[in-house]
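One-letter residues, chain by chain:
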Amino acid sequence: MGASRSSGIADAIGPEEGPGPEGAVLLAALLDGMDAALCAFDARGTVTHWNREAERILGWSAAEAVGRRGFAGWAVRSADAEDVRRRLMSAMDAPGRQVHEFALLRKDGGRVLVRTQSSGVRGPDGAPAGVYCAFSEVHAQIDLERSIALSEALLDDASWGVALVDVDLRPTVVNSYAARALGARRTALLGRPLGELIVQGVEELQGALQHVLAEGATPTPAELWVTVRTAEGDRRRCWRSGFLRLVSPLAEEPVPLGVGWLFRDVTETKLAEQEADRLRFRSNQLHRAARQAAECRDPMEAATSSLDYALAGFADHVVVDLLAGERLVRAAATPSDGPGPCLPVSGGSIPVPYAAGHPALQAVERTGAVRTSARTGAGETWAVERQWPRDAVHALCAVLRSRGRTLGVVTFLRAANRSAFERPDALYAESVAARVATAVDLAQLTAGDDP
């Protein structure tokens with residue numbers, strides 16, 4: 001690319017603004033460093049510039065290309081030469097850019113389809129002085145357009161969340177799905193620490209993002225449980241997430257730009273799976289309890305054995321209070337200071353001093369289940385006042401009924417590390433209570449206590 005062969009475009013710049021020897025060297029370096037192939041023609045159609053990317057695509061060096069008149073006879077078939085020349089040079093008199101596709105010839109004789117963007121160059125007097133043309137292989141251009149289209153679709157219309165997170169773990173781009181999942185407007189999320197958006201579970205998410213930045217994409221999706229702060233309150237959600245490390249394609253060494261985080265909200269599916277697993281486990285426990293109870297000669301042993309099976313994965317403690325006249329008497333319980341089997345209370349026949357309104361008394365009055373939990377910050381006082389183990393925070397009382405009579409109450413208790421009892425838990429407790437009540441009724445009959 002000698003200066004003598006670049007006079008068409010250089011003269012268009014004007015004598016005072018022309019490149020000069022040092023400027024020509026800089027211009028050549030800039031052109032050769034471009035990722036796009038570039039060539040230029042003067043007003044007569046002579047090639048004045050030809051960079052290394054153009055040489056890579058077509059095989060012709062700058063020394064072979066610069067100075068030639070158009071592409072005829074070397075870079076295009078003779079039959080196509082005039083049409084190509086006309087379409088390229090038409091950009092000299094037309095405003096803006098023109099886009100064309102041509103089949104050009106490689107030096108080795110092969111053909112390559114290129115997409116060109118051409119624009120005219122004007123001299124100091126405003127007259128047309130030439131044309132510059134940037135071109136790339138069509139398949140490479142199409143790949144780029146597809147990548148851009150995919151990015152725009154993901155960040156706009158995708159049916160899963162997409163977020164780009166920078167190396168400081170702050171969202172830089174989020175799509176509509178992700179904004180809804182995170183409970184804020186898209187623009188309001190940008191640049192904010194994830195800890196401001198996620199109440200619980202942010203450590204696991206940040207750990208996954210940091211791992212991807214350091215090691216690369218994870219082989220399988222991860223299911224993360226998080227609590228998201230929204231205008232409607234905190235929401236517990238499960239996100240099935242995949243992560244991709246983003247690196248700059250322009251750097252010689254991989255330089256992380258951040259992480260692409262793709263996720264879907266699978267909360268309902270996971271809850272349904274958990275409920276199915278829970279029902280399957282509880283059904284198995286009831287079956288095992290029934291078989292064990294059938295082998296017990298003592299009906300009260302059958303009752304406490306059934307409660308031992310019910311406790312697994314369900315509660316930390318259980319107490320059994322039986323009616324003796326108008327009062328409830330503690331008949332069996334698990335250890336109050338730690339895990340252990342449900343055993344009959346030694347001594348027995350001592351009424352439990354339950355205050356009016358106690359959940360066990362409410363269960364007797366309603367002949368149904370009663371759920372309750374301690375207020376936040378109540379400490380051990382709440383449980384002690386109700387004659388329960390000190391670590392109890394959640395309680396579920398189920399009435400014991402057999403042959404149309406109320407025999408007492410069974411109370412399941414959970415510590416603070418467990419969630420409160422819910423309606424499905426009450427249904428399970430009532431199923432257990434029905435089996436325990438049958439065994440208690442049989443024990444009373446065999447003891448001669450039936451009225």
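Quick note: structure is the one above.
Everything numeric in this text was worked out from a predicted model, so none of it was measured. Numbering of residues starts from 1 in every chain and runs along the sequence as written. In view of the model being predicted, local features appear only for residues whose pLDDT reaches at least 70, and side-chain atom pairs are presented and counted only at 80 or more, with totals across whole chains, interfaces and linings using the full set of residues. Side-chain measures here rest on the full set of heavy atoms in the structure, leaving out hydrogens and waters.

Caption draft 1: Inspection of the overall build of the protein chain at higher detail. Secondary structure is summarised from DSSP: a helix means a run of H or I of at least four residues, a strand means a run of E of at least two, and numbering begins at the N terminus for each. In terms of regular secondary structure, the protein chain is built from 14 helices and 17 strands. Here the C-alpha atoms of the protein chain give a radius of gyration of 40 Å, more than 25% beyond the 22 Å that 2.2 N^0.38 yields for 451 residues. Working rule for contacts: check all heavy atoms of both residues, and any pair within 4.5 Å makes them a contact. Considering only residue pairs separated by 6 or more positions, the protein chain has 51% of its internal contacts joining residues 24 or more positions apart. Values of accessible area rely on a 1.4 Å probe in the Shrake-Rupley scheme; residue burial ignores everything except the protein chains shown. Roughly 24,200 Å² of accessible area belongs to the protein chain as shown, and the carbon and sulfur atoms make up 52% of that amount. Both charge centroids of the protein chain, one from 50 positive and one from 57 negative side chains, sit 4 Å from each other. Radius of gyration here uses only the C-alpha atoms, and the compact-globule reference equals 2.2 Å multiplied by the residue count raised to the power 0.38. The positive count covers Lys and Arg only, the negative count covers Asp and Glu only, and His and the chain ends enter neither. Working definition for charges: the position is that of NZ of Lys, CZ of Arg, CG of Asp or CD of Glu.

Caption draft 2: Highlighting the side chain of T411. Turning to its location among the elements, T411 is positioned in strand β17 (residues 405–414). Buried, partly exposed and exposed residues are distinguished by accessible area as a fraction of the type maximum, computed with a 1.4 Å probe on protein chains only: under 20%, between the cut-offs, and over 50%, respectively. Taking the relative accessible area as the measure of exposure, T411 reaches 0% and is therefore buried. Those residues in contact with T411 that sit more than four places away from it in its chain are H317, V318, V319, W388, A395, L396 and C397.

Caption draft 3: Local environment of the packing of helix α10 (residues 267–294) against helix α14 (residues 423–446). Between α10 and α14, whose axes approach to 11 Å, the crossing angle comes to 10°. Compared by their axis directions, α10 and α14 come out roughly parallel. Across the interface between the two elements, E275, R282, Q285, L286 and A290 from α10 touch P424, D425, Y428, S431, V432 and R435 from α14. Class assignment for the residues of the contact of α10 with α14 results in five nonpolar, two polar and four charged. The axes are straight lines fitted to the C-alpha atoms, using for helices just the contacting stretch, and the angles between their N-to-C directions are given from 0 to 180°. Oblique is the label for any angle not covered by the other classes, which are roughly parallel (under 35 degrees), roughly antiparallel (over 145) and roughly perpendicular (65 to 115). When residues are sorted by character, Ala, Val, Leu, Ile, Met, Phe, Trp, Tyr, Cys and Pro go into the nonpolar class, Asp, Glu, Lys and Arg into the charged class, and all the rest, Gly among them, into the polar class.

Caption draft 4: Molecular detail of the nonpolar core. We call a set of buried Ala, Val, Leu, Ile, Met, Phe, Trp, Tyr and Cys residues a nonpolar core when their side-chain atoms join them within 4.5 Å. Counting residues in hydrophobic clusters, the biggest one holds 34 residues, and the most contacted among them are L307, F314, L400, V410, F412 and V432. Of all the elements in the fold, those that place two or more residues in this core are α10, α11 (299–311), β12 (317–324), β13 (327–333), β16 (394–402), β17 and α14. Examining the composition of this core, we find that ten residues originate from one element, α14, more than from any other. The next biggest cluster of nonpolar side chains, apart from the first, holds 29 residues, and it includes A37, I57, W60 and V76.

None of the figures reported here should be taken as evidence of function without further support.
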